[in-house]
Amino acid sequence: MYDLKGKVAVVTGAGRHRGLGEAMAKRLAAEGARVVVTDIGTAKGPQFAQQHIGTTSEMDEIVAEIKKAGGQAVAQVCDVLDEGQVAAAVQKAVSAFGRIDVMVNNAGIGYLMTDILSLEQKDWDAVLNVNLRGCFFGAKHAAKQMIKQGSGGIIINIASQAAKRGFAGAAAYVSSKHGLVGLTRTAALEFGKHKIRVNSICPNHVTTGLGAWQNEHFSAAGGQSEEQYMAAMRSRIPLGRVGLSSDIAATAAFLCSGEAEYITGQNFDVSGGEEMH
Ligand SMILES: NC(=O)c1ccc[n+]([C@@H]2O[C@H](COP(=O)([O-])OP(=O)(O)OC[C@H]3O[C@@H](n4cnc5c(N)ncnc54)[C@H](O)[C@@H]3O)[C@@H](O)[C@H]2O)c1
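Note that the structure is a prediction, hence the values are computed from the model and not measured.

Scoring rules and cut-offs
Residues numbered from 1 in each chain as written. Predicted model: local features only at pLDDT ≥ 70, side-chain atom pairs only at ≥ 80, totals over all residues. Heavy atoms only, no water. Near = heavy atom within 4 Å. Polar contact = N/O pair within 3.5 Å; in protein donor to acceptor, adjacent residues only side chain to side chain. Areas by Shrake-Rupley, 256 points an atom, 1.4 Å probe, with all protein chains shown as cover. Nonpolar A, V, L, I, M, F, W, Y, C, P; charged D, E, K, R; others polar. Salt bridge = Lys/Arg side-chain N within 4 Å of Asp/Glu carboxyl O. Helix = DSSP H or I, 4+ residues; strand = E, 2+ residues; numbered from the N terminus. Buried < 20%, exposed > 50% of the residue type's maximum accessible area, 1.4 Å probe, protein only. Expected span 1.5 Å × (residues − 1).

Draft legend 1. Molecular detail of the site of the ligand. In the neighbourhood of the ligand, 29 residues make up the surrounding shell, with Leu20, Asp39, Tyr173, Val206 and Thr208 lying closest. A distance of 2.8 Å is found between an oxygen atom of the ligand and a backbone nitrogen or oxygen belonging to Gly54. Thr208 places a polar side-chain atom, nitrogen or oxygen, 2.6 Å from an oxygen atom of the ligand. Alone, the ligand offers 820 Å² of accessible surface; in the complex the protein occludes 99% of this. The residue inventory of the shell around the ligand, partitioned by class, reads 15 nonpolar, ten polar and four charged.

Structure (structure tokens):
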């Protein structure tokens, strides 16, 4: 366990059950941090359909579960496409808990997957704008508040194995996550003098709601059953299993702790050894 008492964290895209955001919010709260659970909250057109997003009622349930376990949390709607809403989520941390110490840029779209020849600009824009521009807004507004507070801070971007290699049929997603590595490195350079550490976590596969959709989508595209697809995936992973949301939450908790005080600008593969660079 890491002692995160006194720290305040905002986690984007944390309002969906089984998601990495939910797992990180709960782990940070279990370590003593007070947490602002944020998500888009309502479906918005075909690109943000109900089946893919965290709703306000799910956010409220996650907050209630954190409180039931003895933690402190509040919910806040935050569409990361809207800079004003990202700034407001940071200010929610200040109004509810007095400050912000940790910003976890987790919200992401991994379900608009099309090969380049049939990829339309609107889907490219949606993926890039949530996965990359949303993290830029998060880093910018969290850092502004952290600099004002004068006691450093921690920014964690949730990238992907897709930040380190190409995947056919996923150009927008892969490009957004590669871009996030560049944003992480640059933010670490710019914010280092303020003792704000910026790192990313690069998971391989976790069967979250999004992960389950990807299993179905990519196994069908490859003409395999989901079992065959998952067995092939496991065979590529030196540690022999796919990731768990707890693996990602544990890494996030470590990065928020004093144990990681000399670590910034890094992009951590949390992938059972599947990714090694
Ligand atoms: N599951 C995996 O295998 C895996 C692997 C690598 C990286 N990731 C990344 O982890 C992050 C979390 O994914 P997950 O697997 O937990 O999926 P998830 O679908 O549970 O979480 C994604 C969240 O992002 C939210 N979101 C989407 N658009 C948003 C917007 N405009 N504003 C605010 N929130 C928005 C969704 O509502 C959802 O709650 C994503 O960035 C994803 O790319 C996941």
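Draft legend 2. Structural detail: the pattern of salt bridges. Taken as a whole and assessed by the stated rule, the structure comprises 13 salt bridges. Two residues, Arg236 and Glu274, come together in a salt bridge whose shortest N-O distance is 3.4 Å. One end of the pair, Arg236, is in the loop between helix H7 (226–235) and helix H8 (245–256); the other, Glu274, is in the segment after strand E7 (267–270), with 38 residues separating them in the sequence. Take Arg236: its relative accessible area is 47%, and that puts it in the partly exposed class. For Glu274, a relative accessible area of 11% corresponds to the buried category.

Draft legend 3. Spatial organisation of H8. With twelve residues, H8 should reach 16 Å at 1.5 Å per residue; the first-to-last C-alpha distance of 17 Å fits that figure. Inspection of H8 places Ile248, Ala249, Thr251, Ala252, Ala253, Leu255 and Cys256 among the buried residues, and these make up the whole buried set.

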